Amino acid sequence: MRKRRTLAALAAVALALPIAACGGTPGSGGDDNKKLTFFSWDGEETMKPVIAKFEEQNPGVKVEFSNAPPVAEYISTLQSRILAGTAADVFAIAAENKTNLINGKHVVDLKDKPFLKNVPKFNQTTYSGPDGAVYGMSVASWGAGVLYNKDLLAKAGATTIPQTWDEFLALCHKLKDAGVTPYLESVQAMSTPLSAFLGAQNASTGDTMDTKIFDGSAKFKDYWVEPLTQWSRLWTEGLVTRGAVGLTGDQVRTEFATGKVAMMVAGPWDVPGVRKAAPKLNIEMAPIPGISGGKPYLAGAASPGYAINSKAKNPEAAEKFLAFLDTPEAMALYQKATGAITVTTDFEPKLDPALSPIVKDVRAGNVYLPQIAWKRAEDILNVEATAQLQLLVQGKASPEQVANALDTKLASTS
């Protein structure tokens with residue numbers, strides 16, 4: 001994740017971004033019927049093998065690939081290109097921009113397409129509209145929790161994974177007393193522990209928490225203050241330095257992989273990088289421990305889906321591309337590069353054993369992400385939430401102030 005910048009600045013940067021090309025560059029001319037444009041937030045290293053195989057199976061079709069990193073920069077870049085009429089034929093639809101894309105009629109309905117038949121209902125529903133149409137083909141789901149270096153835990157005398165937040169914080173104190181940096185997470189986006197706390201709380205309300213917030217019968221402050229308070233104990237109790245607010249996810253992973261930190265927030269995408277850097281590291285991922293009697297839970301969602309631009313210049317090739325992305329062959333290439341927990345029914349991924357404790361819940365959809373649950377303005381609220389969480393980490397805002405700021409921002413979008 002990148003540091004938050006204003007959307008205006010991001011848009012200006014996005015328009016100037018060079019485009020990495022597989023099979024050509026924009027404006028290079030040629031037969032548009034043989035050219036497919038594709039914009040992703042996965043990098044070229046991940047998508048290049050997939051694209052190469054598609055081109056091999058579809059002679060004459062060349063894919064022009066571009067990408068921007070998630071989340072804010074990708075969304076801003078896509079928005080700029082849509083407004084300019086230069087958006088790709090196929091692009092990623094994510095939690096943070098799905099409402100704008102759907103309500104703006106920028107994506108086409110995929111509901112009756114054959115390539116959706118292997119996609120679970122949870123993933124289809126995530127990118128569905130109020131009309132029941134499906135606007136994104138999501139072929140994986142993710143759950144984020146805590147990745148543990150079990151050898152470092154053992155040095156501090158810990159033999160089990162914490163089940164409650166109090167136990168987790170006690171372990172952090174024990175590790176710190178033993179001279180080990182206990183824990184790090186990047187706060188360049190929505191917090192994983194906070195999302196998990198809210199997910200467990202939402203489940204306990206019968207999945208009504210966000211409905212009440214957005215229909216006006218409740219406010220963020222009614223539900224968010226206690227989870228924010230518990231999360232902020234990492235800093236108020238001196239377990240994580242406030243200066244860590246600037247760390248990116250890549251920097252956190254590097255600290256973990258080099259054995260400098262015992263625990264980190266992580267998703268399945270982090271594991272391949274850790275394995276590559278430290279093949280012998282004894283690691284295990286587990287859900288975020290529960291607060292206030294709540295059960296351990298995972299932040300997570302259906303992964304971003306592949307959407308077809310409603311103004312695609314090559315809609316036929318776009319459909320062929322999505323059909324290919326749904327095949328076991330393409331899935332194997334993507335899964336190998338990302339470590340993703342793929343969910344299509346005709347492909348069984350080879351997952352890292354460290355993910356075993358979370359796979360069942362991820363595939364069952366027992367995960368929660370605020371941006372998915374929010375009923376509108378999720379892009380605006382996500383930017384505000386990220387900014388407010390950073391202020392909280394720095395000691396410049398209280399949990400009550402963060403929740404009130406979200407209530408104010410939501411009211412301004414009505």
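Criteria and thresholds
- Within each chain, residue numbers correspond to sequence positions counted from 1 in written order.
- Two thresholds apply to this predicted model, a pLDDT of at least 70 for residue-level local features and 80 or more for giving and counting side-chain atom pairs, whereas whole-chain, interface and lining totals are computed over all residues.
- Here the side-chain values reflect all heavy atoms present in the structure, with hydrogen atoms and water set aside.
- Starting at the N terminus, helices and strands are each numbered in turn, a helix being any DSSP run of H or I of at least four residues and a strand any DSSP run of E of at least two.
- In this setup the radius of gyration rests on C-alpha atoms only. A globule is expected at 2.2 Å times the number of residues raised to 0.38.
- Exposure classes here rest on a 1.4 Å probe applied to the protein chains alone. A residue is buried below 20% of its type maximum, exposed above 50%, and partly exposed in between.
- The contact criterion used is simple: two residues touch if any of their non-hydrogen atoms lie within 4.5 Å.
- For every accessible area listed, the method is Shrake-Rupley and the probe measures 1.4 Å; residues are considered covered only by the protein chains on display.
- A residue counts as positive if it is Lys or Arg and as negative if it is Asp or Glu; His and the chain ends are not included.
- Taken as the charge centre is NZ of Lys, CZ of Arg, CG of Asp or CD of Glu, depending on the residue.
- For two strands to count as paired, DSSP must find a minimum of two bridges between them.
- For helices, the fitted line uses only the C-alpha atoms of the stretch in contact; every axis is such a line through C-alpha atoms, and the angle between N-to-C directions lies from 0 to 180 degrees.
- An angle below 35 degrees is treated as roughly parallel, one above 145 as roughly antiparallel, one from 65 to 115 as roughly perpendicular, and anything else as oblique.
- Note: crossing handedness is left-handed where the near helix turns anticlockwise from the far helix by less than a right angle, and right-handed where it turns clockwise.
- When two rings of Phe, Tyr or Trp (its six-membered ring) have centres within 6.5 Å they constitute a pair, described as stacked for plane angles under 30 degrees, edge-to-face for angles over 60, and tilted for the intermediate range.

Trainee: Looking at this model, I keep getting lost on the overall build of the protein. Mind explaining?
Mentor: Along the protein, the regular secondary structure elements total 18 helices and 11 strands. Its C-alpha atoms give the protein a radius of gyration of 21 Å, near enough to 22 Å, the size a compact globule of 414 residues would have. Its C-alpha atoms put the protein at 65 × 50 × 40 Å along the principal axes. With 414 residues in all, the protein has 55% of them scored as buried. When contacts within the protein are restricted to residue pairs at least 6 apart in sequence, those whose partners lie at least 24 apart make up 75%. As presented, the protein carries roughly 17,600 Å² of accessible surface, and 52% of it is formed by carbon and sulfur atoms. Of the side chains in the protein, 42 bear a positive and 42 a negative charge, and the two mean positions are spaced by 2 Å.

Trainee: Got a minute to help me understand the pairing of strand β6 (residues 261-266) in this structure?
Mentor: A regular strand carries its side chains on alternate faces of the sheet. Burial runs high along β6: six of the six residues are buried. Of the pairings in the sheet, the one linking strand β4 (residues 140-149) to β6 comprises four bridges and is antiparallel in character. Its bridge partner being in β6, Gly145 is matched across the sheet by Ala266. Across three bridges, strand β5 (residues 181-184) lies against β6 in parallel orientation. Across the sheet, Thr181 pairs through a bridge with Val261, a residue of β6.

Trainee: Honestly, the packing of helix α8 (residues 192-204) against helix α10 (residues 220-236) in this entry has me stumped. Any pointers?
Mentor: Between two packed helices, what matters for the description is the angle formed by their axes and the separation of those axes. Packing of α8 against α10 leaves a shortest axis separation of 9 Å and a crossing angle of 140°. On the basis of their axis angle, the class for α8 and α10 is oblique. Handedness of the α8/α10 crossing: right-handed. Of the residues in α10, those touching α8 at Pro193, Leu194, Phe197, Leu198 and Gln201 are Tyr223, Trp224, Pro227, Leu228, Gln230 and Trp231.

Trainee: Can you walk me through the packing of aromatic side chains in this structure?
Mentor: Remark: the centre distance and the inter-plane angle together describe each pair of aromatic rings, the angle taken between the planes. Inspection of every chain in the model, using the stated rule, returns 16 aromatic pairs. With 5.6 Å between their ring centres and 50° between their planes, Phe38 and Phe65 make a pair best called tilted. In this pair, Phe38 is assigned in strand β1 (residues 35-40) and Phe65 in strand β2 (residues 62-67), connecting sequence segments 27 residues apart. Under the relative-accessibility criterion, Phe65 is labelled buried at 0%.

Trainee: How should the packing of α10 against helix α17 (residues 378-393) be read in this particular structure?
Mentor: At a closest axis distance of 11 Å, the pairing of α10 and α17 adopts a crossing angle of 40°. Put simply, α10 runs oblique to α17. Taken as a pair, α10 and α17 cross one another with a handedness that is right-handed. On the side of α10, the interface is formed by Phe220, Leu228, Trp231, Ser232 and Trp235, while α17 contributes Leu381, Leu389, Leu392 and Val393.

Trainee: What's the story with the side chain of Gln388 in this structure? I'm lost.
Mentor: Position of Gln388 relative to the elements: it lies in helix α17. Not counting residues up to four positions away in its chain, the partners in contact with Gln388 are Ala397, Gln401, Val402 and Ala405.

Trainee: Got a minute to help me understand the sheet that holds β1 in this structure?
Mentor: Paired through their backbone hydrogen bonds, the strands of a sheet run either parallel or antiparallel. Spatially, four strands are ordered β2-β1-β3-β9 in an open sheet, and the strand pairing comes out mixed. The strands lining the two open edges of the sheet, one partner per strand, are β2 and β9 (305-308). Geometrically, the sheet is characterised by an average inter-axis angle of 30° between neighbouring strands, direction not taken into account. In this structure, β1 lies alongside β2, joined through six bridges in parallel fashion. Following the sheet pairing, Thr37 is matched in β2 by Glu64. Together, β1, β3 (90-93) and β9 form the strand contacts of helix α13 (residues 315-325), whose direction differs from that of β9 by roughly 165°.

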